[in-house]
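Here are the chains, one letter per residue:
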Amino acid sequence: MPPALGAPAPRRTRAPEAEDPKRGHHTPISEKKTVEWLESLDSCRALAKQLPDTAITCVMDREADFFELFDRHREHPNVDLLIRAQYNRVIAAPAGRPAEKAKLFDRLRDSKMRGTLTLRVDRQSARPKRSKQKARAGRGARDATLTLHYERIEFPPPSHLKDRTPLALWVVLAREKKPPPTVKPLEWCLLTSREIHQTDDAAQCLKDYALRWRIEDWHRVLKTGCRVEDLAHQRVERLERAIAINLVIAWRIMVMTLLGRSVPELPAEIL
């Protein structure tokens, strides 16, 4: 049936477009996939206005490690950022050290150890090779003993954003020096807007980042349990409604699973 006279034309779903490998720094960020991280930050800001007495932190993986996101954050810092570093980027060189050796990961690895932390690392399922992702072997859950390093570091803007002022962020590095045999040692480098004044502050950042795996579990429930990728609605509005319902279903399934593991004696009537 055609839309009513004067009604907006229905939005239709479409096949994803192939990414242009030539899209680079000259392409506005609003036209790049990374704009999703900026939108996520804006959503958290909107939530923070509704919850003025709640501390909110945006926890993001390495895809969110780009200058524009941190630059957007400092305009309205009503939420915190906690992001895993992807790039061994150039930083402001400390006094007495050649500028060409001032790299982020090297600086933290050479810094003073501030303490240790034992962190529970959840199991990770295997992942087949995808178009933009390498295959990943599965791993079992284990306790990892990590050394902690942290510093406040200044980052100059990249060459295509020379008009921006440098960023000052706290950086937390956690390294596993004695992993189990055949296991790749754990190393996390986290960038955060939080203030890190003592070891407990750095440890809390690591514990909070470890919870990020919950979102991966939620996506897996959505895809394998709720099978949202098999939805075949032709109109965007219907697809959005179906996904919204499945988001809640997947969340409830996940809560049920977590409760079943942590407090299996709870009666089923609670759910």
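Okay, so let's go over this structure.

In this section: unusual backbone geometry. For Arg 227, which is not a glycine, the phi torsion comes out positive at approximately 55°. Mapped onto the elements of the fold, Arg 227 is located in the loop between helix H5 (213-225) and helix H6 (236-262).

Okay, the nonpolar core next. Grouped together as the largest cluster of nonpolar side chains are 32 residues, with contacts concentrated most on Met 60, Leu 69, Leu 81, Leu 104, Phe 155, Val 171 and Leu 191. Only helix H1 (35-50), strand E1 (57-60), helix H2 (67-73), strand E2 (80-84), helix H3 (104-109), strand E4 (142-155), strand E5 (167-175) and strand E6 (187-192) provide two or more residues apiece to this core. Looking at which element gives the most residues to this core, the answer is H1, with six residues. Those residues in contact with Met 60 that lie beyond four places of it in its chain are Trp 37, Ser 40, Leu 41, Leu 69, Leu 81, Leu 82, Ile 83, Arg 84, Tyr 209 and Arg 212. Leu 82, Tyr 150, Ala 202 and Ala 203 belong to the second largest nonpolar core, which has 22 residues in total.

Further remarks concern the sheet that holds E2. Strand pairing in a sheet is mediated by backbone hydrogen bonds. Such pairs are either parallel or antiparallel. Pairing within the open sheet is mixed, and its six strands lie in the order E1-E2-E6-E5-E4-E3. Looking along the sheet, the strands with just one partner apiece sit at the ends: E1 and strand E3 (115-121). Neighbour to neighbour, the strand axes of the sheet diverge by 30° on average, direction disregarded. By the bridge criterion, three bridges tie E2 to E6 in an arrangement that is antiparallel.

Reading guide: rules and limits
Residues numbered from 1 in each chain as written. Predicted model: local features only at pLDDT ≥ 70, side-chain atom pairs only at ≥ 80, totals over all residues. Heavy atoms only, no water. Helix = DSSP H or I, 4+ residues; strand = E, 2+ residues; numbered from the N terminus. Core = buried A, V, L, I, M, F, W, Y, C linked by side-chain atoms within 4.5 Å. Buried < 20%, exposed > 50% of the residue type's maximum accessible area, 1.4 Å probe, protein only. Contact = heavy atoms within 4.5 Å. Pairing = 2+ DSSP bridges. Axes fitted to C-alpha atoms, helices over the stretch in contact; angles between N-to-C directions.

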